[in-house]
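Listed below, chain by chain, are the residues.
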Amino acid sequence: GLTGVGKTSICSKIASYLLDQSTSSHSNDNIELVNLSKSPNKISDLFHFGRVLNLNVNSFLKVEDLDKYLIKNQNKIIIIDISNDFFVDKNFNNYLKIVLSDHRKLLINVIQSGINFKSLEKQVSYLDGLSFTNVLTKLDEIMVNSYDFSMYHDLNCKLGLLSGTKNIIDSIAFANSL
């Protein structure tokens, strides 16, 4: 997703969810968080979330270093927060096509609710040729309506995570076919 849409929060929520599953074998030893950013001086909130969740957080500036890390830790659950500078990079898109050919991996595109059609169209275009699931964020801050869900349908956006508020249920009821 683009800058400020809530990617880091979603990464930490997924990690927290996996840790909270009482019937699961997920533990702090086999879940790790990764920050992938071309900005060496940027301190990500992911490190703060990692500290709260008691999870290791690694940071990489280069895809080559990330790739080595993924190969070395292929038996772990790794949640990667990908910064906008990689998100818009065509070479990174090609790398993702190779990495995601392993069906044990999932690509999540984070979308801020309330996004307009042209912005969403452009954001989705960065992921051309990839299979991904969209996650809506900031649903507590922005009202969504039937137009929003019609737009997701018109752009063939597969939505994966929604909160179950009445606002969303009402909006879906009047949207184009989903």
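(A) Here's a closer look at the overall build of the protein chain. Secondary structure assignment for the protein chain yields eight helices and six strands. Going from the N terminus to the C terminus, the protein chain shows its helices and strands as α-β-α-β-α-β-α-α-β-α-β-α-β-α. Expressed as a percentage of the 178 residues in the protein chain, the buried residues total 40%. When contacts within the protein chain are restricted to residue pairs at least 6 apart in sequence, long-range pairs at least 24 apart make up 73% of them. Total accessible area on the protein chain stands at roughly 10400 Å², and carbon and sulfur atoms take up 52% of it.

(B) Spatial organisation of the side chain of S113. Relative to the elements of secondary structure, S113 occurs in the loop between β4 (108–112) and α6 (117–125). A polar contact of 2.9 Å, which involves the side chain of S113, links it to the backbone oxygen of T137. Sequence-distant contacts of S113, defined by excluding residues within four places in its chain, comprise L136, T137, K138, L139, I142, V144 and Y152.

(C) How the structure looks around unusual backbone geometry. Of note, the phi angle at N54 is positive, near 60 degrees, even though the residue is not glycine. Assignment of secondary structure puts N54 in the loop between α2 (45–53) and β2 (56–60). You will see that N156, though not glycine, has its phi angle at about 55 degrees, which is positive. Since its relative accessible area comes to 70%, N156 is described here as exposed.

(D) Region of the structure containing the confidence of the model for the protein chain. Residues at a pLDDT of 70 or more form 84% of the protein chain, whose mean pLDDT is 79. Across the protein chain, the element-wise mean pLDDT spans from 46 in helix α8 (residues 166–173) up to 92 in helix α3 (residues 63–72). Confidence drops under a pLDDT of 50 for residues 163–174, and excluding neighbours within four residues, the segment shows 16 contacts in the predicted structure.

(E) Representation of the pattern of salt bridges in the model. Overall, the coordinates contain three salt bridges when judged by the stated rule. Among the salt bridges present, the one from K76 reaches E32, with a minimum N-O distance of 2.7 Å. Here E32 lies in strand β1 (residues 31–36) and K76 lies in the loop between α3 and β3 (77–82), a separation of 44 residues in the sequence. Here E32 falls in the buried class, since its relative accessible area comes to 5%. Ionic pairing is found between E121 and K118, a salt bridge with its closest N-O pair at 3.5 Å. Of this pair, E121 and K118 both sit in helix α6, three residues apart, which is roughly one turn of the helix.

(F) Geometry of the pairing of β1. Most of β1 is tucked away: six of the six residues are buried. Every second residue of β1 is oriented toward a common face, with I31, L33 and N35 on one face and E32, V34 and L36 on the other, all of them buried. By the bridge criterion, six bridges tie β1 to β3 in an arrangement that is parallel. Among the inter-strand pairings, L36 is bridged to a residue of β3, identified as I82. In this sheet, β2 lies alongside β1 in parallel orientation, the contact comprising five bridges. In the strand pairing of β2, N35 is matched with S59.

Analysis parameters
- Residues numbered from 1 in each chain as written.
- Predicted model: local features only at pLDDT ≥ 70, side-chain atom pairs only at ≥ 80, totals over all residues.
- Heavy atoms only, no water.
- Helix = DSSP H or I, 4+ residues; strand = E, 2+ residues; numbered from the N terminus.
- Buried < 20%, exposed > 50% of the residue type's maximum accessible area, 1.4 Å probe, protein only.
- Contact = heavy atoms within 4.5 Å.
- Areas by Shrake-Rupley, 256 points an atom, 1.4 Å probe, with all protein chains shown as cover.
- Polar contact = N/O pair within 3.5 Å; in protein donor to acceptor, adjacent residues only side chain to side chain.
- pLDDT = per-residue confidence, 0-100.
- Salt bridge = Lys/Arg side-chain N within 4 Å of Asp/Glu carboxyl O.
- Pairing = 2+ DSSP bridges.

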